[in-house]
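Single-letter residue listing:
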Amino acid sequence: MNRSGNLERLKRESFDLLVVGGGATGAGVALDGVSRGLSVALVESDDFAAGTSSRSTKLIHGGVRYLEKAVKEFDRGQLALVRDALRERAVLLRIAPHLARPLPLLTPLYGLFEIPYYYAGLKIYDLLAGKANLAPSRFLGRGEAVGRFPMLRQDGLKGGVLYYDGQFDDARMNVSLALTAADRGAAVANHVAVTGLDKKGGRLRGALVEDRLAGDRWEVSARVVVNATGPFADTVRRMDDASLPNLLSTSSGVHVVLDKGFSPPETGLLIPRTEDGRVLFLLPWLGHTLVGTTDNPAPLSADPQASEDEIEYILRHLRRYFDLPVAREDVLAAWSGLRPLVSDARKSGTASLTRDHLIDVSESGLVTITGGKWTTYRKMALDAVDRAVTAAGLDPRRTSQTDSIQLRGASGYSAQGHLELERMGLAPDVAAHLNRAYGSRSGEVALIAADGYGERLAEGYPHIEAEVIYAAREELACTADDVLARRTRLSFLNEEAARTARPRVEELLAASTAAAR
């Protein structure tokens, strides 16, 4: 896929829809728009999924905590959010089977009164999913709970409830969304920032943009602009009208990554009650253990950092539930992501703000979609395009098709595809990684590896040099961070390993760029 070709299209064509922001929602809007036959452009100031969309808990879920709030507070809005998310969970598992999978999760219980409470709650979760339920939740006795999760603190353990949700690779899903939109005709470009909005007669007619890699500036013409910039939605809204009040508050969600020895490979853990009334997940993820998350007010930042206090908060709760010691030096990577929360002055604390989404249309026609959560990105995108069509008087040729469009790598994917890659000479762990990350396109990466680029980028990790070349040629990767953080995920698994790999990644990217000229 040629980034320069997309840039040329952005310079010369006029579009029905210009999407600002290449996170999950923005990429989803782009795909929804082209699925209806609209001409679509998408620009992202950094890289696809560079912000919040790569920093999630990696769960495709309805939200057990939101269900608890819905029941306790008789909140129909939260209940509808859970129901919608459970429906969307089934769609994501269907359209990206290489990137998403069902995952059993255990909720350990240490008080007898907790057993009926959590069992009943998770049965309601099953019922809300309806035909899309992955498997029935069930109670496990103490012995079976320990068998599922041997690291659990056994003192006082009464048992647990096992239930099912989905797990996915968030950044690769986001990149796949953007590339699938491009495959279907959208002009998409990362590292292109919106510097202003263009108005004619009081109506938006496009945006002024800058290529952050080359420095070029130009105007992209469009009948409607969709602001899908997540936590930065208010910043773009003020380009339209500097007097507008905030729609959002932001909170920080910190995660840490530990060695795979801290979790069994096929079962996650839900810690149902932290010291401040939240929940914590411990999950097997890409051969490691992912733990999170926090939920604290945080300032707007392009690169939020995990504080030592937040890391210690997570480790402290693990020590309470584990018979296995967990120390700061066990943390291989840590990151923070900002959640865009729709403000509600009647509530206090970011944990109480809604995760539902909001669509705002300004007097000049700027359509802002914000709030929500990863699992519901597709519904958010569908609603946003509906509003954009109305606001600009567009005439789509079709209704949305995104509930059936398979994302790049899904068509022809086989869970046994790694066996063919092994026959091509790849090590079993490398073959399994490529099949999971690239799906039916993994063979293209394997062919590059066979051409002399099969060396590992870091010792002990399955990521290989061929992925860098493939990312540059086919996945619009431009920088080492694009590759290490969003195409291979190495930065999110082991920060030191990523630092070690960076010089070779930069060398391969430079060679790929030179070869493309």
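What you are looking at is a predicted structure, and each value in this text was computed from that prediction instead of being measured.

Thoughts on the packing of aromatic side chains
When we look at a pair of aromatic rings, we describe it by the centre distance and by the angle of the planes. Applying the stated criterion to the full structure yields eight aromatic pairs. With a centroid separation of 5.0 Å and 85 degrees between ring planes, the pair formed by tyrosine 117 and tyrosine 118 is classed as edge-to-face. Given a relative accessible area of 14%, tyrosine 118 falls into the buried group. Among the aromatic residues, those joined into a ring-pair cluster are Phe168, Trp374 and Tyr377. Between the NZ or CZ atom of arginine 153 and the centre of the ring of tyrosine 110, over which it lies, the distance is 4.3 Å. Looking at arginine 172, its charged tip hangs above the ring of tyrosine 438, at a distance of 4.3 Å from the centre.

Regarding the pairing of strand E16 (residues 333–342)
Counting buried positions along E16 gives 10 out of 10 residues, so the element sits mostly inside the fold. Bridge analysis of strand E11 (residues 248–258) against E16 gives 10 bridges, and the strand direction is antiparallel. Each bridged residue has a counterpart across the sheet, and for serine 252 the counterpart in E16 is leucine 338.

As for the nonpolar core
Judged by nonpolar contacts, the single largest core of 61 residues is most densely connected at Tyr125, Tyr163, Phe281, Leu426, Leu434, Leu490 and Val505. Leaving out residues up to four positions away in the same chain, tyrosine 163 has contacts with Val64, Leu103, Pro104, Leu105, Thr107, Leu122, Tyr125, Ser137, Leu270 and Phe281. With 48 residues, the next largest nonpolar core counts Phe168, Leu177, Trp374 and Ala381 among its residues.

Focus on the pairing of strand E14 (residues 288–292)
By the criterion of burial, E14 is predominantly enclosed, with five of the five residues buried. Alternating positions in E14 separate into two faces, His288, Leu290 and Gly292 on one and Thr289 and Val291 on the other, with burial throughout. Judged from the four bridges that link them, E11 and E14 form a sheet pairing that is antiparallel. In the sheet register, leucine 258 faces E14, and the bridge partner there is threonine 289. The pairing of strand E13 (residues 280–285) with E14 spans five bridges and is classified as antiparallel.

Overview of unusual backbone geometry
A cis amide bond links glycine 292 with the next residue in sequence, threonine 293, at an omega value of 15 degrees. Position of threonine 293 among the secondary structure elements: in the loop between E14 and strand E15 (296–297). The phi dihedral of alanine 49 falls on the positive side, at around 70 degrees, and the residue is not glycine. On the secondary structure map, alanine 49 appears in the loop between strand E2 (40–44) and strand E3 (59–60).

Each value, and the rule that gives it
Residues numbered from 1 in each chain as written. Predicted model: local features only at pLDDT ≥ 70, side-chain atom pairs only at ≥ 80, totals over all residues. Heavy atoms only, no water. Phe/Tyr/Trp six-rings, centres within 6.5 Å; stacked < 30°, edge-to-face > 60°. Buried < 20%, exposed > 50% of the residue type's maximum accessible area, 1.4 Å probe, protein only. Lys NZ or Arg CZ within 6 Å of the ring centre and 35° of its normal. Helix = DSSP H or I, 4+ residues; strand = E, 2+ residues; numbered from the N terminus. Pairing = 2+ DSSP bridges. Core = buried A, V, L, I, M, F, W, Y, C linked by side-chain atoms within 4.5 Å. Contact = heavy atoms within 4.5 Å.

By themselves these figures say nothing about function.
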